[in-house]
Amino acid sequence: MTAMSHALVDAPSTAPDRPTRSPAARALALWQSAGPVAVFVVLLILVAIVQPPFVTGGGLRILAVQATPIMLVALGQAMVLHVGSIDLSNAAIAILSAIVLAKALGPLGAAAPLLCLVLLTAVGAVNGLLVAFAQVPSFALTLGTLGVLQAVSLVVSHASTVYATAHTGVLDFLFEIDVFGLPIAFWVAVLLALALWLLLRRTATGRAMTAVGLNETGARFAGLRTQWLRVLAFALSGAMAAVAGIMIVAQAQSASSSGLGSDLLIPAIAAAIVGGTALTGGVTNPLNVVVGALTVSLVPIGAQTIGVTSQAQSLVYGLVIVVAVALTVPRVRSIVK
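Conventions used here
Residues numbered from 1 in each chain as written. Predicted model: local features only at pLDDT ≥ 70, side-chain atom pairs only at ≥ 80, totals over all residues. Heavy atoms only, no water. Helix = DSSP H or I, 4+ residues; strand = E, 2+ residues; numbered from the N terminus. Buried < 20%, exposed > 50% of the residue type's maximum accessible area, 1.4 Å probe, protein only. Contact = heavy atoms within 4.5 Å. Areas by Shrake-Rupley, 256 points an atom, 1.4 Å probe, with all protein chains shown as cover. Core = buried A, V, L, I, M, F, W, Y, C linked by side-chain atoms within 4.5 Å. Axes fitted to C-alpha atoms, helices over the stretch in contact; angles between N-to-C directions. Nonpolar A, V, L, I, M, F, W, Y, C, P; charged D, E, K, R; others polar. Phe/Tyr/Trp six-rings, centres within 6.5 Å; stacked < 30°, edge-to-face > 60°. Polar contact = N/O pair within 3.5 Å; in protein donor to acceptor, adjacent residues only side chain to side chain. Salt bridge = Lys/Arg side-chain N within 4 Å of Asp/Glu carboxyl O.

Peer 1: Explain the overall build of the protein to me, please; I cannot follow it from the model alone.
Peer 2: Across its full length, the protein holds 15 helices and four strands. Sorting the 337 residues of the protein into buried and exposed places 50% on the buried side. Across the protein, every contact between residues at least 6 apart in sequence was considered, and the portion connecting residues at least 24 apart equals 79%. With the model as given, the accessible surface of the protein reaches about 14800 Å², and the carbon-plus-sulfur share is 70%.

Peer 1: Can you help me understand the nonpolar core in this one?
Peer 2: Buried together is how nonpolar side chains tend to be arranged in soluble globular proteins. Counting residues in hydrophobic clusters, the biggest one holds 96 residues, and the most contacted among them are M71, L101, L171, L174, V249 and L298. With 14 residues, the top contributor of residues to this core is helix α12 (residues 226-252). Non-local contacts of L298, meaning those with residues more than four positions away in its chain, are made with F40, L43, L44, V47, F54, L63 and A303.

Peer 1: Sorry if this is basic, but what is going on with the packing of helix α13 (residues 265-274) against helix α15 (residues 310-328) here?
Peer 2: Geometrically, a packed helix pair is captured by the angle between its two axes and the distance between the axes. Orientation of α13 relative to α15, taken along the N-to-C sense of each, is 30°, at an axis distance of 9 Å. Contacts between α13 and α15 pair P267, A270, I273 and V274 from the former with Y317, I321, A324, V325 and T328 from the latter. Grouping the constituent residues of the contact of α13 with α15 by class yields eight nonpolar, one polar and no charged.

Peer 1: I keep staring at the packing of aromatic side chains and nothing clicks. Help me out?
Peer 2: Remark: the centre distance and the inter-plane angle together describe each pair of aromatic rings, the angle taken between the planes. Applying the stated criterion across every chain yields a total of three aromatic pairs. Pairing F180 with W187 gives two aromatic rings, centres 6.3 Å apart and planes at 80°, and the pair type is edge-to-face. Ring geometry for F186 against W187: centres 5.3 Å apart, planes inclined by 75°, an arrangement best described as edge-to-face. Residue classification places F186 among the buried positions, given a relative accessible area of 5%. Classification of W187 by relative accessible area gives partly exposed; the value is 29%. Three or more aromatic residues joined by ring pairs form one cluster here, namely F180, F186 and W187.

Peer 1: Which parts of the structure should I look at to understand the side chain of H82?
Peer 2: With respect to the helices and strands, H82 occurs in helix α4 (residues 59-82). A distance of 2.8 Å separates a polar atom in the side chain of H82 from a polar atom in the side chain of T210. Sequence-distant contacts of H82, defined by excluding residues within four places in its chain, comprise L200, M209, T210, G213, G281, G282, V283 and T284.

Peer 1: Even after reading the chapter, I still don't get the pattern of salt bridges, so can you show me in this structure?
Peer 2: Opposite charge on two side chains permits them to pair, given that their charged atoms come into close proximity. Scanning the entire structure with this criterion turns up three salt bridges. With its nearest N and O atoms 3.1 Å apart, the salt bridge here joins E216 to R220. Here E216 pairs with R220, and both are found in helix α11 (residues 216-221), just four residues apart, close to one helical turn. Residue classification places R220 among the partly exposed positions, given a relative accessible area of 45%. The salt bridge partner of R230 is E216, with a shortest N-O separation of 2.7 Å.

Structure representation (structure tokens):
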């Protein structure tokens, strides 16, 4: 980076020439931080009032299990949204990761998850390279990649379910061992969210990614390598999706193009947005994306728990997500936590 770029990303938040924020701006910043949590807590309280056994009878563990793959794909999506792009292919990357892992676990054992992580991170990075250097719009490119990856998944799996029949003990602990009543898989996803939060808040690279999302032209004039920062965002999306695929196999002991995880795309995007990620870029809190994933997962589980008919569950799900997004989406993207 140039000296100017370091000055941009390393400038202290208490610079003397920074104007004092108004009470309204401070209140908005506070809501951006606490809003997603407040929405989730309100929904959880409503479900607990109507069905107390949900909280005391293992409902929270079910919620954590359901939320884990959504959370991981949403975290990757949030990183891409943070730099002003979108990745419509990362849910398909998760499915391909699960299929590759289910096939490779027998011959490779403990090395199979590492293979999936490297391979699918590379797929994400290729997306980023094409978006950044070929100037292909991310929506169009990843929509095409989505189709390609779905076709590859069908070919690799022979359009059938692939069962993990050997060395499954490598993954069993993820959902069989609980910490504080929730599976280790959930806490792994939370730790990855914390790592991404630290990347964005405590490193020059993360602050440079924020600069790209807020004003790519300005970031480029400041000497930041905006293209490589975009590649990094897509690579992180691929990596998070690869981990989601690992969690799918750990949970189901199998993988298929139409099985568990095949409907992750929309919930993951919703989770990222409910978690306060700005579609316009530059505003992301990975820890709030965790809460967003829990909220998105709670709605259908809660609707079923309180007795909403299957015909009405989609309507309830859509209405609650719309309200949650309206309450949590940032209106002013220049306020960054």
